[in-house]
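# Fold and contact review
Residues per chain are reported as follows:
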Amino acid sequence: MSLETLRRWSGETDRVPVWAAGLLVALLGWRIEMGTPMPGLDPSWNAGLAMAVDDGLRFGRQVVFTYGPLGFLQGQMVWFSGLAVLAFLYNAGVYVLFCVGLVWALRRRLPLLVSAAVAFVLVAALLLLELGMLAAVFACVWLLEGERPPRAQNLFVAGAATFGAALALVKLSTGPLVAVLFLIALVGARAGWRRITAYLLLLAAELLALWLLSGQSLGDVPAFAEHTLQISSGYSTAMLRQTDVAAWKVLAATIAAAALGIAIAAVAWFGASRERARRWAAAAIAALAAFAVFKEGVVRTDAGHLTLFFANACVLWIAFGLGVPRWRWALVVAAAVALMTVPVRPHGIGTNFDAPANARLAFEGVRTLLSPSRRQHVIEDGHTGMRDTYQLEPRALADLRGHTVAVEPWEIGAAWAYELNWIPLPVFQNYQAYTSALDRLNAETVADPNGPERILRENQLQVHPEFATRDLDGRYPGWDPPEQARAVLCNFAPLTASERWQVLGRVRDRCGDPRPLGTVSAAPGEAVEVPAPGPRQVVFARIGGVGVGGLERLQTFLFHADARHLTVNGERRYRLIPETAGDGLILRAGAEVYEPGPFATVPQARTIAVEGAGEELTFDFYAMTVRPAPAAP
């Protein structure tokens, strides 16, 4: 094919609407499905969100997580037939909007045919994308790069309010940010106070409507807001990922990510618009979006999260970089950014270049969408497959049937698979109760006689041998979180146990009031002796001086906090969560209280030493009597 023929063909294809080319790219790179439910940490919180909505639980009080009452929409597994329909339509709509926006962003500098081809390559290669946020960024850039007629601005206001309201109740880390990005774009585009006011009022009205339609109460809004802030504030101190990657590689990747985020904001400033207000708005939008994905990428610094950052950064560079006059350099850098995702791509995350297979996936998804019987078949396959994996013993099931059940530490899918009466602790996966307020919220539910009657525990070593401590990121399960663990000890007793599963039953509170044993001060790394308990006692400690303060608060905001560790008996080393170290860590138990085995929650510490904290630490020790457990009803 000659160059002239290619140019003529490109000119003819440029008559095709951008939305049609984007729709074609979406079909050829299709990634939305109605999949079969499966076990695992991430599928289980997806199951929990779906069960919470299906059961009408109250977010903010009965359910606290990093996703809101519409969080089930981002799932791609058929937990419940009707909810799966809504989730498929939502995910498909967001995905198509993203693809159309990507083609539009490329089309500003490239022929439509080339834009569609590049968009398909990006969609197929970059799988860990924040599609909702990126679609919003494309819309903001569209508004800022030209003088849009009044009708188009009005449509932007209506669409932005609807889109922003939905995302704000889906994912709490990026959803509210999208609403802010739209507001900045309207201000930068000089949309006028009437349109800005209309946007804010419409956004508030749709947030309220979606909140109520999802079965929530107005009275729960304050608790939802408060606990959302708790979840957000504790992430950078508690969710550090300990990896086997060399420290210098982690540092280099973090510096590269920070530099790239700054570069994205800088290139947005030098966009095509000459108006200062628009340039400021574009730079602010770019900086906020880049910072959001930067935090996702570097708090848990592993291959998956770094891939997420660089993939999203590549798309952000296209959104803003192709608006600068010297666009060729932006294309070169965008290609380099895309290549940077290859070395850090985690195992199990492939590419999506098989266009015929992708189109078939879209066709099968639509068939399942339109067929209740097909959706029911997917649900039944999920039940069968997950029960085959979980292999919960008949005796354990007998102890669970007819009772309300919570699940620890995170395998919520078991409650769905066996159709148990799931009444969760508010933070329904233990590792996320990483502030004192969230720990106390869970502990109060454990102690409440109206709380769950049974707790089902899984021994993660049987499933994930890499979790050497039976908990996420090297934490100790008896401290994750500490006040909740003490409440379980006082209000529950073992009923059934195997190597993989344990069932606890509710009993009357069997603990006495804590009695102070004294306070010890120590330097970081200095071993402290733990007082010996009586035969029917446990000893716990409230550790002070471990929290984040001073300049580390700024470090935590921009990056993440330093890791803290607690060493037991000079041998075993566990992650220590700064915000809950003062909640009372159970350290030793008397002979009549201690229960050894795969579900032990007491480390029997004779000495402890804290590393990674401030200059002076305090250890307030307490003894608590634990009476023999009566038979659970």
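So, here's what we can say about the structure. Quantities reported herein were computed from a predicted structural model and do not represent experimental measurements. Residue positions within a chain follow its written sequence, with the count starting from 1. In keeping with the model being predicted, local features are shown solely for residues with a pLDDT of at least 70 and side-chain atom pairs are shown and tallied solely at 80 or more, while totals for entire chains, interfaces and linings include all residues. For the side-chain quantities, the full set of heavy atoms in the structure was used; hydrogens and water were omitted.

### Topic: the overall build of the chain
- Starting at the N terminus, helices and strands are each numbered in turn, a helix being any DSSP run of H or I of at least four residues and a strand any DSSP run of E of at least two. Scanning the chain from N- to C-terminus turns up 21 helices and 13 strands.
- The reference for a compact globule is 2.2 Å times residues^0.38; the radius of gyration itself is calculated from the C-alpha atoms. Computed over its C-alpha atoms, the radius of gyration of the chain comes to 26 Å, within 12% of the 26 Å expected for a compact globule of 633 residues.
- Expressed as lengths along the three principal axes of its C-alpha atoms, the size of the chain is roughly 90 × 60 × 50 Å.
- When each of the 633 residues of the chain is scored for burial, the buried share is 55%. Exposure categories follow from relative accessible area, calculated using a 1.4 Å probe and restricted to protein chains: below 20% of the type maximum is buried, above 50% is exposed, and the middle band is partly exposed.

### Side note on the packing of aromatic side chains
- Only the six-membered ring of Trp is used, alongside the rings of Phe and Tyr, when aromatic pairs are assigned; centres must lie within 6.5 Å, and planes under 30 degrees apart are stacked while those over 60 apart are edge-to-face, with the rest tilted. In the structure shown here, the tally under the stated rule is 24 aromatic pairs.
- Arranged with centres 6.2 Å apart and planes meeting at 85 degrees, the rings of phenylalanine 294 and phenylalanine 309 form a pair that is edge-to-face. With phenylalanine 294 in helix α12 (residues 276–298) and phenylalanine 309 in helix α13 (residues 303–321), this pair connects stretches of sequence that are 15 residues apart. The same class applies to phenylalanine 294 and to phenylalanine 309, which are both buried.
- The criterion is that NZ of a Lys, or CZ of an Arg, lies within 6 Å of the ring centre and within 35 degrees of the ring normal, and then a charge sits over that ring. Note that arginine 542 overlies the ring of tyrosine 622, its terminal NZ or CZ placed 5.6 Å from the centroid.

### Quick notes on the sheet that holds strand β6 (residues 515–522)
- Sheet architecture is open: four strands sit in the order β6-β13-β8-β11, paired in antiparallel fashion. Each edge of the open sheet carries a strand with a single partner, namely β6 and β11 (585–589). Across this sheet, the average inter-strand angle for adjacent strands is 25 degrees, counted without regard to direction.
- Pairing between two strands requires that DSSP report at least two bridges joining them. Bridge count between strand β8 (residues 537–544) and strand β13 (residues 617–625): eight bridges; the pairing is antiparallel. The partner of glycine 544 across the bridge, within β13, is threonine 618. Interaxial angle, 0 to 180 degrees, is taken between N-to-C directions of lines fitted to C-alpha atoms, where a helix line uses only the stretch in contact.

### Section: empty space enclosed by the protein
- Method remark: on a 1 Å grid restricted to protein atoms, a set of points is classed as a cavity if a 1.4 Å probe fits but cannot get out and as a pocket if it is open with protein on both sides within 12 Å along at least five of seven lines; lining residues have an atom within 4 Å of a point. Grid points are joined across faces, edges and corners, and a volume is the space filled by probe spheres set on the points. For the structure shown, the criterion picks out seven cavities of 30 Å³ or more.
- Considering only enclosed or pocket space, the largest cavity measures out at about 200 Å³ in volume.
- Every residue lining the largest cavity is counted, 16 residues in all, and those nearest its centre are Glu408, Asn430, Arg457, Pro477 and Thr601.
- Among the elements of the structure, β3 (454–458) and α20 (482–491) are those that each provide at least two residues to the lining of the largest cavity.

### A look at the side chain of arginine 31
- Mapped onto the secondary structure, arginine 31 falls in the loop between α2 (18–28) and α3 (41–54).
- In this tally, Asp and Glu contribute negative charge and Lys and Arg positive charge; neither His nor the terminal groups of the chain are included. Salt bridge, as used here, is a side-chain nitrogen of Lys or Arg placed within 4 Å of a carboxyl oxygen of Asp or Glu. We note that arginine 31 is buried and unpaired, the nearest opposite charge coming from glutamate 33 at a distance of 10 Å.
- Engagement of the side chain of arginine 31 in a polar contact is seen with the backbone oxygen of valine 123, the distance being 2.5 Å.
- A distance of 3.3 Å separates a polar atom in the side chain of arginine 31 from the backbone oxygen of leucine 127.
- If we ignore the near neighbours within four places in the chain, the residues touching arginine 31 are Gln76, Tyr95, Val123, Leu126, Leu127, Leu129, Leu131, Asn352 and Leu361. Here a polar contact is recorded for every N or O atom pair within 3.5 Å, except that within protein the pair must consist of a potential hydrogen donor and a potential acceptor, and residues adjacent in sequence are included only if both atoms are side-chain atoms. By definition in these notes, contact holds between two residues if any of their heavy atoms fall within 4.5 Å.

### Observations concerning the sheet that holds strand β2 (residues 421–422)
- With mixed pairing, the five strands of this open sheet are ordered in space as β2-β1-β3-β5-β4. Of all strands in the sheet, those bounded by a partner on one side alone are β2 and β4 (492–497).
- Taken together, the two bridges between strand β1 (residues 404–408) and β2 define a ladder with parallel strand orientation. Following the sheet pairing, threonine 404 is matched in β2 by asparagine 421.
- Across the face of the sheet, α20 comes into contact with β1, β3, β4 and β5 (501–506) while running at roughly 80 degrees to β4.

### Here's the deal with the state of the cysteines
- By disulfide we mean two sulfur atoms from cysteines, separated by a distance within 2.5 Å. Throughout the structure, instances matching the rule amount to one disulfide.
- Linked covalently through their sulfurs, cysteine 490 and cysteine 511 form a disulfide whose S-S length is 2.0 Å. Across the disulfide from cysteine 490 to cysteine 511, rotation about the S-S bond amounts to roughly -100 degrees, and the bridge is consequently left-handed. Of the two residues, cysteine 490 is situated in helix α20 and cysteine 511 in the loop between β5 and β6; the sequence distance between them amounts to 21 residues.
- On the basis of relative accessible area, cysteine 490 is assigned to the buried category, the value being 8%.
- For cysteine 99, which is in no disulfide, the shortest distance to another cysteine sulfur is to cysteine 314 and amounts to 14 Å.
- With a relative accessible area of 0%, cysteine 99 lands in the buried category.

### Focus on the side chain of arginine 506
- Mapped onto the secondary structure, arginine 506 falls in strand β5.
- Buried charge arginine 506 goes without a salt bridge, the closest partner of opposite sign being aspartate 448 at 6.7 Å.

### A word on unusual backbone geometry
- Between glutamate 408 and proline 409 the backbone carries a cis peptide bond, its omega angle lying at -10 degrees.
- The topology assignment puts proline 409 in the loop between β1 and α18 (413–417).
- A cis amide bond, omega 0 degrees, links aspartate 480 with the succeeding residue proline 481.
- Tracing the backbone through its elements, the reader meets proline 481 in the loop between β3 and α20.
- Unusually for a residue other than glycine, arginine 190 sits at a positive phi of about 55 degrees.

### So, the layout of surface pockets
- Its boundaries defined by the atoms lining it, the second largest pocket holds a volume of some 540 Å³.
- In terms of lining residues, the second largest pocket is bounded by 18 residues, among which Leu97, Val100, Ala135, Phe138 and Ala139 are the most central.
- Counting residues per element, the ones that place at least two in the lining of the second largest pocket are α2, α4 (81–107), α6 (131–144) and α7 (150–168).
- Residue classes follow a fixed rule: Ala, Val, Leu, Ile, Met, Phe, Trp, Tyr, Cys and Pro count as nonpolar, while Asp, Glu, Lys and Arg count as charged, and any other residue, Gly among them, counts as polar. Residues belonging to the lining of the second largest pocket are distributed by class as follows: 16 nonpolar, two polar and no charged.

### Concerning α6
- Residue count minus one, scaled by 1.5 Å, sets the expected span of a helix. Over its 14 residues, α6 runs 20 Å from end to end, which matches the ideal 20 Å to within 8%, given 1.5 Å per residue.
- A large share of α6 lies buried, amounting to twelve of its 14 residues.
- Burial in α6 covers these residues: Leu131, Gly132, Met133, Leu134, Ala135, Ala136, Val137, Phe138, Cys140, Val141, Leu143 and Leu144.

### Regarding the environment of leucine 134
- Within the fold, leucine 134 resides in helix α6.
- Once the C-alpha coordinates of leucine 134 and glycine 101 are considered, the two residues, 33 residues apart in sequence, prove to be 8.5 Å apart.
- Excluding residues that lie within four positions of it along the chain, leucine 134 makes contacts with Phe98, Leu129, Asn312, Val315 and Leu316.

### Quick word on helix α19 (residues 436–447)
- Helix length check: α19, at twelve residues, gives a terminal C-alpha distance of 16 Å against a target of 16 Å (1.5 Å per residue), a fit within 8%.
- Among the residues of α19, Leu438, Asp439, Leu441, Asn442, Ala443, Thr445 and Val446 are the ones counted as buried.
- Packed against the buried residues of α19 are α10 (221–238), α20, β4 and β5.

### Here's the deal with the pattern of salt bridges
- The full count for this structure, using the stated rule, is 16 salt bridges.
- The shortest N-O distance in the salt bridge between glutamate 145 and arginine 108 comes to 2.5 Å. Placement of the pair is glutamate 145 in the loop between α6 and α7 and arginine 108 in the loop between α4 and α5 (112–125), with a sequence separation of 37 residues.
- According to the relative accessible area criterion, arginine 108 is partly exposed, its value standing at 21%.
- For glutamate 296, the salt bridge is made with lysine 171, and the minimal N-O distance between the two is 3.4 Å.

Any functional reading would require information that these geometric values do not contain.
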